Amino acid sequence: MRKLNPLLFLLILFSCSVTNYQKKGTVNPKNFNYETAFTTLKTVIIFPAEIEGKSKNFYFDTGAQYSIIQRDTLIGSLVNVSGASKRSIEAGSEIVKMFKIGDIEFTNTVAINTDMVGLKEKISNFGGLIGQPIIEKANWLIDYPNKKLKISSKNLADDSFQTIKIKRKGGSPYTYISINGIEYKVVIDFGSSSEFSLPKESKLAKQLLQQYTFEANERERYTIGGRQIIKEKVGILPMIKIGDIEFKNIQTKINEQSQPRIGIGFFKDYTIYIDNIENNYKIKKSAEQTD
């Protein structure tokens with residue numbers, strides 16, 4: 001296979017911040033709307049998209065700074081990347097000439113590639129992860145309880161939504177949660193199937209282990225570097241707040257990972273709107289889930 005010009009990739013890598021790197025590429029047409037159904041693996045969103053003229057199933061991951069293409073053999077210049085588990089691997093790099101969701105064409109976006117052993121066996125016809133280089137170029141309305149997704153260049157929210165303010169650091173979306181009146185910074189990681197998870201060495205994890213009942217658990221996890229069997233502590237927090245929004249009885253996992261994160265499971269009862277016009281997230285509790 002023809003490799004990406006290494007000088008081109010090094011120029012991108014060393015002269016641009018991650019956010020500039022994510023902005024590369026364009027979307028056609030300029031105005032677009034597309035709707036599709038999605039399925040889930042555990043709780044993570046999976047839907048079809050087209051790459052290199054072939055339809056594949058992709059994992060939707062707001063926590064991924066770059067899209068990741070499933071390739072049995074690496075192509076392009078080699079780079080080191082790390083994931084939520086703090087493991088790092090050597091991956092390939094490429095410019096994806098055409099990534100198509102429905103009739104929406106994302107052209108010349110930057111991605112890494114690797115052989116995602118574990119996930120490719122779990123997800124049929126697996127194509128990889130959709131990360132921020134594609135996510136930030138559209139607005140995404142995710143009706144999670146009904147497994148429906150809308151992608152648009154227009155505003156899809158109304159006044160019934162509540163706003164979650166976000167900040168971006170290193171190209172990833174962060175917000176602040178409140179536990180017992182104290183705020184903590186967390187990454188919004190829809191590639192995580194957990195509701196709320198914490199590094200085991202963090203101060204908050206140690207406090208929660210003293211305040212609430214946690215039980216030992218062992219499970220498999222798929223992340224950068226492949227399948228892991230991890231040991232963790234699992235418990236329920238009575239309440240977590242984001243601004244004035246209350247989330248009750250949140251399953252919380254404490255294990256080996258890079259940073260605190262709220263996963264897609266945190267919003268399982270909600271319609272979620274990723275607003276890349278105003279750079280925030282908005283949520284609305286589904287009617288059947290309203291207290």
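Residues numbered from 1 in each chain as written. Predicted model: local features only at pLDDT ≥ 70, side-chain atom pairs only at ≥ 80, totals over all residues. Heavy atoms only, no water.

Caption draft 1: Main features of the confidence of the model for the protein. Taken as a whole, the protein shows an average pLDDT of 89; of its residues, 89% reach a score of 70 or greater. Every residue in residues 1–15 scores below 50 in pLDDT, and together they form 22 contacts with partners more than four places removed in sequence or on other chains. (pLDDT = per-residue confidence, 0-100. Contact = heavy atoms within 4.5 Å.)

Caption draft 2: Structural view of the pattern of salt bridges. Summed over all chains, the structure comprises twelve salt bridges. The residue arginine 261 makes a salt bridge to aspartate 189 at a minimum N-O spacing of 2.6 Å. Placement of arginine 261 in strand S21 (residues 261–263) and of aspartate 189 in strand S16 (residues 182–189) is noted, with a sequence separation of 72 residues between them. Residues arginine 261 and aspartate 189 agree in their burial class; the two are buried. One salt-bridge network, held together by shared partners, links Glu52, Arg71 and Glu94. (Salt bridge = Lys/Arg side-chain N within 4 Å of Asp/Glu carboxyl O. Helix = DSSP H or I, 4+ residues; strand = E, 2+ residues; numbered from the N terminus. Buried < 20%, exposed > 50% of the residue type's maximum accessible area, 1.4 Å probe, protein only.)

Caption draft 3: Local environment of the packing of aromatic side chains. As enumerated under the stated definition, the model contains 13 aromatic pairs in all. A ring pair is formed by phenylalanine 58 and phenylalanine 99, whose centres lie 4.9 Å apart and whose planes are at 75 degrees; its orientation type is edge-to-face. Of the two residues, phenylalanine 58 is situated in strand S5 (residues 54–60) and phenylalanine 99 in strand S8 (residues 88–101); the sequence distance between them amounts to 41 residues. Classification of phenylalanine 58 as buried rests on a relative accessible area of 0%. We classify phenylalanine 99 as buried; its relative accessible area is 2%. Ring centres 6.1 Å apart and planes at 70 degrees place the aromatic pair phenylalanine 190 and tyrosine 281 in the edge-to-face group. You can see phenylalanine 190 sitting in the loop between S16 and strand S17 (196–199) and its partner tyrosine 281 sitting in strand S23 (residues 280–285), a full 91 residues away along the chain. (Phe/Tyr/Trp six-rings, centres within 6.5 Å; stacked < 30°, edge-to-face > 60°.)

Caption draft 4: Quick look at the sheet that holds strand S22 (residues 270–275). The antiparallel open sheet is built from six strands, whose spatial order is S2-S12-S11-S22-S23-S13. Edge positions in the sheet fall to strand S2 (33–37) and strand S13 (162–165), since each has one partner strand and no second. Each adjacent strand pair in this sheet contributes to an overall mean axis angle of 20 degrees, direction not counted. Bridge analysis of S2 against strand S12 (residues 148–152) gives five bridges, and the strand direction is antiparallel. Looking at S12, one finds that alanine 37 is bridged to lysine 148. (Pairing = 2+ DSSP bridges. Axes fitted to C-alpha atoms, helices over the stretch in contact; angles between N-to-C directions.)

Caption draft 5: Structural view of the nonpolar core. Phe60, Phe99, Ile101, Trp140, Phe190, Phe196 and Phe267 are the most contacted members of the largest nonpolar core, which has 68 residues in total. A total of six residues in this core trace back to one element, the largest contributor, which is strand S4 (residues 44–51). Among all residues touching phenylalanine 99, those that are not within four sequence positions of it are Ala49, Glu50, Ile51, Phe58, Ile104, Glu105, Phe106, Ile130 and Ile134. (Core = buried A, V, L, I, M, F, W, Y, C linked by side-chain atoms within 4.5 Å.)

Caption draft 6: Expanded view of the pairing of S5. The pairing of S4 with S5 spans six bridges and is antiparallel. Looking across to S5, one finds that alanine 49 is bridged to lysine 56. One ladder, built from four bridges, connects S5 with strand S10 (residues 126–130); its direction is parallel. Considered in S10, the bridge of phenylalanine 60 is made with isoleucine 130.

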